Amino acid sequence: MATVYVVRDTNGGAHRALKLMNPGGTAEEVERRFRREFRTLSKLQHPNITQVHDWATWEGRPYFVMDLVEGEDLRSLVERWQADPATDRFELTRSILVQVARALEYVHFRGLIHRDVTPSNIMVRADGSVKLMDFGVVKEPGTTELTADRKSTRLNSSHQIISYAVFCLKKK
C-alpha cells in the first residue's frame, strides 16, 4: 500500500518518516484509507502513538510526514528474547503491554478502533518507550462498513469499544 522513506525536514533539519502511497492497485480505496490514517493520526496526541506533521501529494500520489521512530518492531524483539531468562522477558513484556494498553485506551476513548494491532505495528525504542503505528484500517465512530459476508457493521460510540488489555489494567 505504501513505502516509508527517511527524510530530512528542511525547516528544522530533523529526520522524519515520509509514507508515500504506492502507485497502481485499487487507488481510490487505498487513497481513502491513506487519508483516513492521516486524519486520524492528526487528531491524536499521545506519547505512545506516532505523530504526523504534514500531508501533500507527489506526482499524484498522496503522502504524509510523521515522526521517525527509531527502534525495532515487537516481532523482531520477541524472536531475540527467546534466549533471555523468563523473568527478564516478563518485565520487558509487561512494560511494552502497559504502554500499548495506554495508547489503545486513549484511542478507544476517542471512539476509534485501531484494528491492526500486530507486533510489526508496535515499535520499541532503545530506551524502552513504545509507539503504536499504522492506523490505515482504523474504524471511526458512526462509520458503516461491509463485512466479508456483505453485512453492514456500525460503530456508534466509544462505550461500545474497550480492549481486554485496558479492562484488565483498570481492574488493578
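Scroll up a little and you will see the structure.
As the structure is a computational prediction, the values presented were derived from the model and not from experiment.

J.: So, helix α3 (residues 86–108): which residues are in play, and what are the values?
T.: Residues that lie three or four places apart on an α-helix share one face, since the helix turns once every 3.6 residues. For α3, with 23 residues, the first-to-last C-alpha span of 31 Å sits near the 33 Å given by 1.5 Å per residue. Where α3 is concerned, the buried positions are Ile96, Val98, Gln99, Val100, Ala101, Ala103, Leu104, Tyr106, Val107 and His108.

J.: Residue-level account of the nonpolar core, with values.
T.: If you look at the biggest cluster of nonpolar residues, it comprises 27 residues, and the most contacted ones within it are Leu44, Ile49, Ile96, Ile122 and Phe135. For this core, the secondary-structure elements that each account for two or more residues are β2 (15–21), α1 (27–43), β4 (61–67), α2 (74–81), α3, β6 (122–124) and β7 (130–132). For this core, the leading source of residues is α3, giving six residues. Dropping the residues within four chain positions of it, Leu44 is found in contact with Ile49, Gln51, Tyr106, Val107, Arg110, Leu112 and Phe135.

J.: Give a detailed account of the sheet that holds β7, specifying residues and quantitative values.
T.: Read from one edge to the other, the open sheet built from three strands follows the order β5-β6-β7, with strand pairing classed as antiparallel. Each end of this open sheet is capped by a strand with a single partner; those strands are β5 (72–73) and β7. Pairing between β6 and β7: three bridges, direction antiparallel. By the bridge assignment, Met123 is partnered in β7 with Lys131. Strands β6 and β7 of the sheet are contacted by α3, whose axis makes an angle of about 40 degrees with β7.

Rules used throughout
- Residues numbered from 1 in each chain as written.
- Predicted model: local features only at pLDDT ≥ 70, side-chain atom pairs only at ≥ 80, totals over all residues.
- Heavy atoms only, no water.
- Helix = DSSP H or I, 4+ residues; strand = E, 2+ residues; numbered from the N terminus.
- Expected span 1.5 Å × (residues − 1).
- Buried < 20%, exposed > 50% of the residue type's maximum accessible area, 1.4 Å probe, protein only.
- Core = buried A, V, L, I, M, F, W, Y, C linked by side-chain atoms within 4.5 Å.
- Contact = heavy atoms within 4.5 Å.
- Pairing = 2+ DSSP bridges.
- Axes fitted to C-alpha atoms, helices over the stretch in contact; angles between N-to-C directions.

Keep in mind these values describe shape, not function.
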